[in-house]
Amino acid sequence: MFSIISKYIIRSFLQTFLVIFSVLFLAFFFLRSIDFLEIAARGDMYPQIALGYIFFNIPSVIEIILPLSIFLSTLICIARMNTSNEINFMRQMGLKSSNFLKILAIPILLMSFFALFISLIVSPYSLDSLYKLTSNQTFSDRFKMMGAGKPTYFEDVNTTFFAKESNDFDFGFSEIFASIEHEDMEIILTADQVSSIPTDKSTNRLTFKNGKIVGLEIEGDFLMNFSQLEFTFPRKIKTSSTDLSHLSMTSLISNLENNREQSELFKRLSIFVLIIVSAFVALNFGISNHRIGFTVSLITGSLFFLLYFGIYLGLQNWTLSSEYNSSISFAAFHLVFFLAGIFLSYFLNKESPINIYSSGVTSLNNFQLIFNLLLLAFVIYMFFYFLI
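Keep in mind that what you see is a predicted model, and the values were worked out from it rather than measured.

Caption draft 1: Focus on the overall build of the protein. Broken down by element type, the protein carries twelve helices and six strands. Contacts spanning at least 24 positions in sequence make up 64% of the contacts within the protein whose residues lie at least 6 apart. Accessible surface, the protein as shown: approximately 20700 Å² in total, 64% of it carbon and sulfur.

Caption draft 2: Here's a closer look at the pairing of strand β5 (residues 203–216). In the sheet, strand β4 (residues 185–196) pairs with β5 via ten bridges, with the strands oriented antiparallel. Directly across from A191, in β5, lies its bridge partner G211. Strand direction decides the pairing type here: β5 and strand β6 (residues 222–234), joined by twelve bridges, are antiparallel. In the sheet register, G211 faces β6, and the bridge partner there is F226.

Caption draft 3: Molecular detail of the side chain of S123. The topology assignment puts S123 in helix α5 (residues 97–135). Polar contacts involving the side chain of S123 include one to the side chain of E63, which spans 3.0 Å. Excluding residues that lie within four positions of it along the chain, S123 makes contacts with P59, S60, E63 and I118.

Caption draft 4: Molecular detail of the pattern of salt bridges. Evaluation of the coordinates by the stated rule reveals three salt bridges. When the shortest N-O distance is used, the salt bridge between K164 and E175 registers 3.7 Å. Highlighted residues: K164 in strand β2 (residues 159–166) and E175 in strand β3 (residues 173–182), separated in sequence by eleven residues. Among the residues examined, E175 registers a relative accessible area of 42% and is labelled partly exposed. For R268, the salt bridge goes to E264, with nearest N and O atoms at 2.8 Å. With R268 and E264 both in helix α8 (residues 259–287) and four residues apart, the pair spans about one turn of that helix. Like R268, the residue E264 is buried in the burial classification.

Caption draft 5: Examining the nonpolar core more closely. Among the nonpolar cores identified, the biggest contains 62 residues, and I9, I65, I70, I78 and F100 are the most heavily contacted of them. Elements that contribute at least two residues to this core include exactly α1 (2–41), α3 (58–83), α4 (86–92), α5, α7 (249–254), α8, α10 (294–321) and α11 (326–348). Looking at this core element by element, the count peaks at 15 residues for α3. Contact partners of I65, with chain neighbours within four places excluded, come to F21, L24, F25 and F28. With 20 residues, the next largest nonpolar core counts F154, V157, A191 and V194 among its residues.

Caption draft 6: Just the sheet that holds β3, in detail. Spatially, β1-β2-β3-β4-β5-β6 is the arrangement adopted by the six strands of the open sheet, whose pairing is antiparallel. Edge positions in the sheet fall to β1 (152–154) and β6, since each of these pairs with one other strand and no more. Each strand axis lies, on average, 30° off the axis of its neighbour in the sheet, ignoring direction.

Caption draft 7: Quick look at a nonpolar patch on the surface. A cluster of nonpolar side chains, namely L335, F338, L339 and I342, defines an oily patch on the protein surface of about 360 Å² accessible area. Tracing the chain through its elements places L335 in helix α11. For L335, a relative accessible area of 46% translates into the label partly exposed.

How each quantity is defined
- Residues numbered from 1 in each chain as written.
- Predicted model: local features only at pLDDT ≥ 70, side-chain atom pairs only at ≥ 80, totals over all residues.
- Heavy atoms only, no water.
- Helix = DSSP H or I, 4+ residues; strand = E, 2+ residues; numbered from the N terminus.
- Contact = heavy atoms within 4.5 Å.
- Areas by Shrake-Rupley, 256 points an atom, 1.4 Å probe, with all protein chains shown as cover.
- Pairing = 2+ DSSP bridges.
- Polar contact = N/O pair within 3.5 Å; in protein donor to acceptor, adjacent residues only side chain to side chain.
- Salt bridge = Lys/Arg side-chain N within 4 Å of Asp/Glu carboxyl O.
- Buried < 20%, exposed > 50% of the residue type's maximum accessible area, 1.4 Å probe, protein only.
- Core = buried A, V, L, I, M, F, W, Y, C linked by side-chain atoms within 4.5 Å.
- Axes fitted to C-alpha atoms, helices over the stretch in contact; angles between N-to-C directions.
- Patch = residues over 30% accessible without salt bridge, like charges linked within 9 Å, V, L, I, M, F, W, Y side chains within 5 Å.

This is how it looks when you write it as structure tokens:
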């Protein structure tokens, strides 16, 4: 009988998780993607690169929403079964609170290890690939996308360009105006056509056709007409990213004596502990739903999670700006919330004289249902508000 009940609880949990995770993923993924699509629509980025941005951001999106999805799924699944008296039936069959913990430990542990794998391996690789993708966008690519009818400044050549119209042939723009800043002299250049075609992987080239160039300097101006004029300049090669979130596990372990690498490694490992502790707290809130009510369970549990997750996101910056050891800081942080989870477990599942407890209402009217849905939407909104 226990095996049948266990399968039912796990199936209910996974169904709830899939719904919540899908909604959160689509919402967060849409918010992340719309910025890149706007840039591509303005012509400031190739659509292929925008799609690469969106694709390589998927692991970081999963890394963020997975802990919240597991927390809400655990709380809502158990609370729903409690509201429909399924928990009471299971208790009559001999299940105790500890049995629910053992049953849900299997899927929660698997999801925690998956989140750990994403945090340690996949997310850094994706972020580094995203960085390399942007570095492959050459000056020629950016020049072709500058658009006509607006001035555009390129730091590579200290030049502001303005083109009246774009050209679909070999030359990218027609009726071009350029203002070049060169030491103590300003050079004004006008031409009928201009294109940017790199000569090789290390050199960029600008080619102007049919125009004139004017130099303005203190010692005297000069004017020169040309039929074709070329400028070559070295391509700026981006070095490897030094962002901690882009570093591979090998890089972190090889530089583990540094506080920066230590803090990044412990932050990535922390997501496993965060999911386990928050799911344990969510389980206890769900089990106590029949005494304190779903609304109170959702409010209190969500406040606990948002506080836990918020400090988790900011703890690394705090350890880097302080003199405290990162390993001790992260261990103390999780220990405090783990002890808080144990206290809440005892507090919620023991009789208490506090008047916050309801009189054992096990069903929700329409008003309570709508209010709880609005409350859940508010919790998700606050979660996104602090992240984006």
